[in-house]
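Read off the chains here:
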Amino acid sequence: LTVVFRRRYRSLSYIRGPSPPSWLFGHDIAFLRQQEVGEKDFKWMKEYGVTWRITSHFGTQVLMTADPKAMQHVFHKSGYNYVKRRDHAEMSRMFTGPGIISAQGEVHQRHRKIMNPAFSAPQLRTFLTLFQDIGIKMCDKWKGEVLDAPDKTVYVNKWLARTTLDIIGEAAFAYDYGALDQRNDRLSKVYSNIFVKTTLHSSKWLILWRSMWNYFPDALMPYIKYTPTKEHRHIRHATRIFQEVVGQVFDDLTGDVSEKEGKKDVMSILVKANASEDPKSQLSYTEMTAQMQSLTFAGHETTASTLSWMLWELAKHPDYQAKMRAEIRATRSAVLARGDTSFTIDDLDSMTSVLNAIKETLRFHPIVFNLWREAVNDDVIPLSEPIISATGETIHSIPIRAGQWLSMSICSYNRLPQVWGEDADSWNPDRFLDIDQTKQVRVGVFANLMTFSAGVRGCIGWRFSLIEMQALAAELLERFEFGLPKEHYEIVRVPAGLMIPLVKDRLELGSVMPLQVSMAQ
Ligand code: HEM
C-alpha cells in the first residue's frame with residue numbers, strides 16, 4: 001500500500017525521462033551497475049535537459065537533476081527538508097555506526113554542533129606540518145622503490161590510502177595506524193578494497209533487498225546488518241576490526257577532560273566540546289566512537305582517490321605536470337631564500353597551477369558522484385534551466401510532495417557547459433584562470449563545485465582535505481614524475497558507493513591506479 005500510495009500521490013509523469021526496464025527494479029540495476037560513473041546521467045541529461053525523471057524499484061518515480069538553482073535550493077536553502085534516503089542512511093550506519101554520517105534531522109544537528117569547532121579554519125591550519133611529515137615519509141618509501149627500478153609501475157592509490165589513513169589517525173585521534181610502515185596493518189587491509197567487496201557488482205536481489213529497507217518499520221532496522229551475504233559479512237568484519245583497534249584509543253582519549261587543554265587532535269577537541277554541552281545534548285559513548293569510525297571512513301579513501309585521479313590526469317598531461325613542478329620548485333627556492341624549509345599555507349595557496357589541478361580533478365572526477373534525498377515537507381524547487389514537459393510546456397519550477405525522492409547528479413552538475421565552459425568534458429585546470437564565479441549560481445563549499453556537497457550536510461572535512469591534498473601534491477610532484485605504464489591498463493571509473501578506479505577486465509587486481517613513477521629531473 002505504501003508503495004502504491006507513494007507512486008500515485010507523487011506522479012512526476014509530466015516530466016520527461018527514460019522508460020524503466022522493469023517495474024520491479026526500475027533503473028536501480030542499470031544505474032548501480034553502469035560501466036562507468038556518469039554513463040547514464042550524461043546520456044539522460046543530453047536527451048531530456050538538465051532535469052529529468054527516472055524510476056526506482058516498484059515503479060517509484062524519482063526526480064533527477066543537475067540544475068544549479070535546484071542544487072542550491074535543496075542543499076543550501078532548505079535546511080533539513082531534504083534528508084538522506086533511508087536505505088542510504090542505513091548503509092552508512094552499517095559502515096560507520098550511529099555517528100554524524102548516518103544521523104538525520106535534529107540528531108544530525110546535535111552531532112554537527114559538537115563537531116564543527118574541530119574543523120574550523122585556524123584549527124585545521126595547525127595540521128599542515130603533520131600532512132607534510134607523513135607526505136615526506138611516503139616519498140622516502142617511494143624513493144627506495146623507484147631508485148632501484150626506474151620507471152617502476154606503482155599502484156599509487158594503495159600508497160596514498162595508507163598515507164591518508166596515517167594522517168587521519170594522527171590528526172583525528174593522535175593515533176599511529178602504522179599503515180605506511182605496514183605495521184598493525186589489519187585496518188588498512190580491511191579498508192583497502194572495502195568498496196569492491198561490499199558494493200561493487202552486488203546481485204540484483206541484494207540491491208532489491210536494500211531498497212526494501214525504505215519500507216521496514218523502525219524496530220526491524222537494527223537487524224538488517226545481519227543480512228547473510230558476503231558483502232554484509234565483510235562490513236561486519238570491518239566494523240569489528242575497527243572497534244577492536246580504536247576502542248582502547250578512545251578510552252585513553254576520554255580520561256580527564258582538563259588534560260585535553262592544548263591537545264589539537266580532532267577527538268580531543270570533540271571530547272572537550274561534548275563535555276561542555278548541556279548533558280541532554282551530549283553525544284553518548286557509542287556516538288563518540290562512531291565519530292571516530294566516521295572520520296576514518298570518510299576522511300582517508302576520499303582524499304587518496306582524488307589524488308590518484310589527479311596523478312592519472314597528470315600522467316596524461318605531462319606539460320601541465322611540468323608546469324606544476326616548476327611552480328613548486330620556484331616556491332621552494334623562495335622558502336629557502338627566506339630561511340624556512342617548509343611551505344606555509346600561504347605558500348601552498350600561492351601555487352595556482354597546483355590548486356587549479358586539484359579543483360579540476362574534484363570537478364572532473366567527483367568520487368561522490370550522486371546524492372539521493374527524500375523531501376520531508378511539500379516544497380517547490382526552482383530551476384535555472386527550464387525544461388520542456390512531456391506535453392510540450394516550459395517548466396521553470398517543480399512542485400515537490402513530502403516523501404518525494406530526488407537524485408542529485410553531482411557528476412552532471414560538475415560537467416555543465418553552461419557553468420564550466422564548452423570544454424567541460426575535458427580535464428583542463430586552466431579553466432579556473434578564466435571562470436568568473438560571480439556569474440555562477442553559488443553552490444557547494446569550494447570553487448562552486450558540488451563534490452563536497454553543501455549546506456547543513458556538506459562535507460565537514462573539505463578544508464582538511466584541501467590542505468592535505470595541497471601539501472601532498474607539492475611534496476610528491478617536486479620529487480617524482482608520473483607517466484602511464486608501458487603495459488597498457490584501461491582504467492575505468494566504477495560506481496561502487498564511491499567512484500573507484502579499476503583496470504578493465506582485471507577485477508582480480510582490486511581497485512588500483514597503476515602509474516609509472518620515476519625520480520623527477
Ligand atoms: C576529496 C575528499 C573528500 C570528498 C570529495 C568528500 C565528499 C563528501 C560529501 C559529498 C559528503 C556528503 C555526503 C552525503 O551527504 O551523503 C561528505 C560528508 C562528510 N565528509 Fe567528506 N569528503 C572528502 C574528505 C573528507 C575528509 C578528509 C573528512 C574528515 C577529515 C571528511 C569527513 C566527512 C564527514 C564526517 C561527512 C558527514 C558530514 C555530515 O553529514 O554532516 N570528508 N564528504
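Residues numbered from 1 in each chain as written. Predicted model: local features only at pLDDT ≥ 70, side-chain atom pairs only at ≥ 80, totals over all residues. Heavy atoms only, no water.

Quick word on the side chain of Ser353
Thinking step 1. By the element assignment, Ser353 lies in helix α19 (residues 352-364).
Thinking step 2. Residue Ser353 is classed as buried on the basis of its relative accessible area, which comes to 7%.
Thinking step 3. Contact partners of Ser353, with chain neighbours within four places excluded, come to Tyr320, Lys323, Met324 and Glu327. (Helix = DSSP H or I, 4+ residues; strand = E, 2+ residues; numbered from the N terminus. Buried < 20%, exposed > 50% of the residue type's maximum accessible area, 1.4 Å probe, protein only. Contact = heavy atoms within 4.5 Å.)

Focus: the coordination of the iron atom of the ligand
Thinking step 1. Just one protein atom donates to the iron atom of the ligand; it is Cys459 (SG), sitting 2.3 Å from the metal.
Thinking step 2. Here Cys459 is to be found in the loop between α22 (431-434) and α23 (462-479). (Donors = N, O, S within 2.8 Å, 3.2 Å for Na, K, Ca; no water.)

Side note on the sheet that holds strand β4 (residues 152-155)
Thinking step 1. With respect to topology, three strands assemble into an open sheet ordered β4-β12-β9, the strand pairing being antiparallel. Two strands bound the open sheet, and with one partner strand each, they are β4 and β9 (480-483). Strand after strand, the sheet turns through a mean of 45° between neighbouring axes, direction not considered.
Thinking step 2. As paired elements, β9 and strand β12 (residues 514-519) share four bridges and run antiparallel to each other. Bridging across to β12, Phe480 finds its partner in Met519. (Pairing = 2+ DSSP bridges. Axes fitted to C-alpha atoms, helices over the stretch in contact; angles between N-to-C directions.)

A word on unusual backbone geometry
Thinking step 1. One non-glycine residue with positive phi stands out, namely Ala174, at about 50°.
Thinking step 2. Relative to the elements of secondary structure, Ala174 occurs in the loop between α9 (156-173) and α10 (186-192).
Thinking step 3. Given the relative accessible area of 52%, Ala174 is considered exposed.
Thinking step 4. Positive phi is not limited to glycine here, since Asp505 has a value of about 60°.
Thinking step 5. Mapped onto the fold, Asp505 is located in the loop between β11 (498-503) and β12.

Section: helix α6 (residues 105-115)
Thinking step 1. By the burial criterion, the buried members of α6 are Gly105, His108, His111, Arg112, Ile114 and Met115.
Thinking step 2. Those residues of α6 that are buried lie in contact with α14 (266-275) and α15 (285-299).

A short note on the pattern of salt bridges
Thinking step 1. Within the structure shown, the criterion is met by 26 salt bridges.
Thinking step 2. Residues Lys141 and Asp181 are paired through a salt bridge, measuring 3.0 Å at the closest nitrogen-oxygen approach. Of this pair, Lys141 sits in helix α8 (residues 128-148) while Asp181 sits in the loop between α9 and α10, and the two are 40 residues apart along the sequence.
Thinking step 3. Since its relative accessible area comes to 31%, Asp181 is described here as partly exposed. (Salt bridge = Lys/Arg side-chain N within 4 Å of Asp/Glu carboxyl O.)

Here we look at helix α5 (residues 86-96)
Thinking step 1. Burial runs high along α5: nine of the 11 residues are buried.
Thinking step 2. Taken residue by residue, α5 has Arg86, Asp87, Ala89, Glu90, Met91, Ser92, Met94, Phe95 and Thr96 as its buried positions.
Thinking step 3. Immediately downstream of α5, the backbone of Gly97 shows phi near 75°, a positive value.

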